[in-house]
Amino acid sequence: MYNFVYETPTKVYFGKDEELKVGKILKEFAPKKVLLHYGGQSAKKSGLLDRVKQALDDEKISYVELGGVVANPELSLVRKGIALCLAEGVDFVLAVGGGSVMDSAKDIANGAANPEIDVWDFSLGKCVPEKTLKKGAILTLSAAGSEMSNSCVITNTETGEKRGYGCTANRMNFAIENPELTYTVSPYQTACGAVDIAMHTIERYFCEGEDTYLTDAIAEAVIKSVMRAGKDCLADPYNYEARANMMWASSLAHNGLTQCGRNFMLVVHQLEHEVSGMYPEVAHGAGLAALWCSWARYVYEANIPRWLQYAANVWNLDIDYEHPKKTIEAAIDMQEQYYASIGMPINLKSLGVREEDLETLTLNCTRNRTRNLPGYRPLEYEDILNIYRMAYE
């Protein structure tokens, strides 16, 4: 087990009607003015935004609004939010929505606290935010896990780049998680969320590290629980227990718990970011589903014991020790069948990706052949191109 630092500074308020407490929760931070940040019309139509405003009004908390966050949050709106915060004297950012809204809120908070720095430099890894505004979230979509993660992913539509960065400044001060707020999430987005949540931990599971049986057991439980919850949510969108387990899995899968003692690099996420960066209409979870099985088939021989453990403990397969590859390939096939069963794509072609763009995706992912992706089997330019090609068919 490798050395690690485990940090979870986010206070979680979980359960029915917890969002009604947001005014009193915010009052503890004595904000001068809050930026209320959200996405499209769903927060308005559901009445959630009105309830949040009323809670802030009840505590006499001043706020300004900024909506318009899209599925892959855009740098242009982040810049608009930073300017608004500076003009209005905002010192707290409240995100009402899913991962895209939360990531946009994080970047705005970092940019507003460090106005002398171009906020895109954080995404490019040129520097790390030394300061940030305080921030919180009311979660309306179980997927990204941004409510408890140190991650922030932003798309620069001018350059077609989608970049993520992790740092302590990205941690939310609090997260409000009411599973009932996800009842009206569409089946497609629910399925995308199930893929994304599980993938946050599946990818950690296959990062380098040994003798992490406690972390492994937690990871296996999260993976199996979210795949079960995803199915149950699709069968009955108003199943509170399924929505609750999926929401809590979202937080646990990406807050660092399931990587303790292991190295950390979400390789398939890196592959997918290039896809949805070039094709913004592609939902992140759908892109992951289209890529993961091809990546798995390409790399599994680099660590047969690890993949056999996954096959046995996650998919309950009996190990054929004379033909171990058959057991692993059966597990990958079962995961692919799961994706298909919940309406997720299993290739890039079905997402509208053009074959002639695969080399450009590879160049972007390797930063023009200057970067390899780490792991039991490190991926160079040709490896990444081969995976994109496998995933296209």
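See the structure above.
Keep in mind that what you see is a predicted model, and the values were worked out from it rather than measured.

*Asks:* Would you explain a nonpolar patch on the surface in this entry?
*Replies:* On the surface, a nonpolar cluster with roughly 320 Å² of combined accessible area is contributed by Met 1, Phe 4 and Tyr 6. Here Phe 4 is to be found in the segment before β1 (11–14).

*Asks:* I'm lost on the pairing of strand β3 (residues 63–66) in this one. Help?
*Replies:* Residues Val 64 and Leu 66 of β3 are buried on one face, while the alternating residues Tyr 63 and Glu 65, pointing to the opposite face, are not. Pairing analysis gives four bridges linking strand β2 (residues 34–38) to β3, with the strands arranged parallel. Counted as the bridge partner of Leu 35 is Val 64 from β3.

*Asks:* Explain the pattern of salt bridges here, please?
*Replies:* Applying the stated criterion to the full structure yields 20 salt bridges. The residue Lys 21 makes a salt bridge to Glu 18 at a minimum N-O spacing of 2.9 Å. Glu 301 is paired through a salt bridge with Lys 325; the nearest N and O atoms lie 3.2 Å apart. In this pair, Glu 301 sits in the loop between α11 (284–299) and α12 (304–315) while Lys 325 sits in helix α13 (residues 324–341), placing the two residues 24 residues apart along the sequence. By relative accessible area, which is 51% here, Glu 301 ends up exposed. Through salt bridges that share partners, Glu 161, Arg 163, Glu 274 and Arg 367 make up one connected network.

*Asks:* Would you explain the packing of helix α10 (residues 267–278) against α11 in this entry?
*Replies:* Between two packed helices, both the angle of their axes relative to each other and the distance between the axes serve to describe the pair. The N-to-C vectors of α10 and α11 enclose an angle of 125 degrees; their axes lie 9 Å apart at closest approach. Compared by their axis directions, α10 and α11 come out oblique. For the pair α10 and α11, the crossing hand works out as right-handed. Touching Val 267, Val 268, His 269, Leu 271, Glu 272, His 273 and Val 275 of α10 are His 284, Gly 287, Leu 288, Leu 291, Trp 292 and Trp 295, all from α11. Class assignment for the residues of the contact of α10 with α11 results in eight nonpolar, four polar and one charged.

*Asks:* Just checking my understanding: could you explain the packing of aromatic side chains for this structure?
*Replies:* The description of an aromatic ring pair rests on the distance of the ring centres and on the angle between the ring planes. Counting across every chain of the model gives 18 aromatic pairs. Each member of the aromatic cluster is reached from another via a ring pair, and the members are Tyr 205, Phe 206, Trp 292, Trp 295, Trp 307 and Tyr 310. A cation over a ring is seen here: Arg 306 above Tyr 205, with NZ or CZ 4.1 Å from the ring centre. Lying across the ring of Tyr 381, Arg 369 places its NZ or CZ 3.7 Å from the centre.

*Asks:* What am I meant to see in the sheet that holds β2 here?
*Replies:* Strand pairing in a sheet is mediated by backbone hydrogen bonds. Such pairs are either parallel or antiparallel. Taken in spatial order, the six strands make up an open sheet running β1-β8-β5-β4-β2-β3, and their pairing is parallel. Of all the strands in the sheet, the pair left with one neighbour each is β1 and β3. Ignoring strand direction, the axes of neighbouring strands in this sheet form an average angle of 15 degrees. Here helix α3 (residues 48–58) sits on the sheet and contacts β2, β3, β4 (92–97) and β5 (134–139); the angle it forms with β3, its principal contact strand, is near 160 degrees. On top of the sheet, helix α4 (residues 75–88) reaches β2 and β3; it is set at about 165 degrees to β3, its chief contact.

Conventions and cut-offs
Residues numbered from 1 in each chain as written. Predicted model: local features only at pLDDT ≥ 70, side-chain atom pairs only at ≥ 80, totals over all residues. Heavy atoms only, no water. Patch = residues over 30% accessible without salt bridge, like charges linked within 9 Å, V, L, I, M, F, W, Y side chains within 5 Å. Areas by Shrake-Rupley, 256 points an atom, 1.4 Å probe, with all protein chains shown as cover. Salt bridge = Lys/Arg side-chain N within 4 Å of Asp/Glu carboxyl O. Helix = DSSP H or I, 4+ residues; strand = E, 2+ residues; numbered from the N terminus. Buried < 20%, exposed > 50% of the residue type's maximum accessible area, 1.4 Å probe, protein only. Pairing = 2+ DSSP bridges. Axes fitted to C-alpha atoms, helices over the stretch in contact; angles between N-to-C directions. Parallel < 35°, antiparallel > 145°, perpendicular 65-115°, else oblique. Left-handed = near helix turned anticlockwise from the far one by under 90°. Contact = heavy atoms within 4.5 Å. Nonpolar A, V, L, I, M, F, W, Y, C, P; charged D, E, K, R; others polar. Phe/Tyr/Trp six-rings, centres within 6.5 Å; stacked < 30°, edge-to-face > 60°. Lys NZ or Arg CZ within 6 Å of the ring centre and 35° of its normal.

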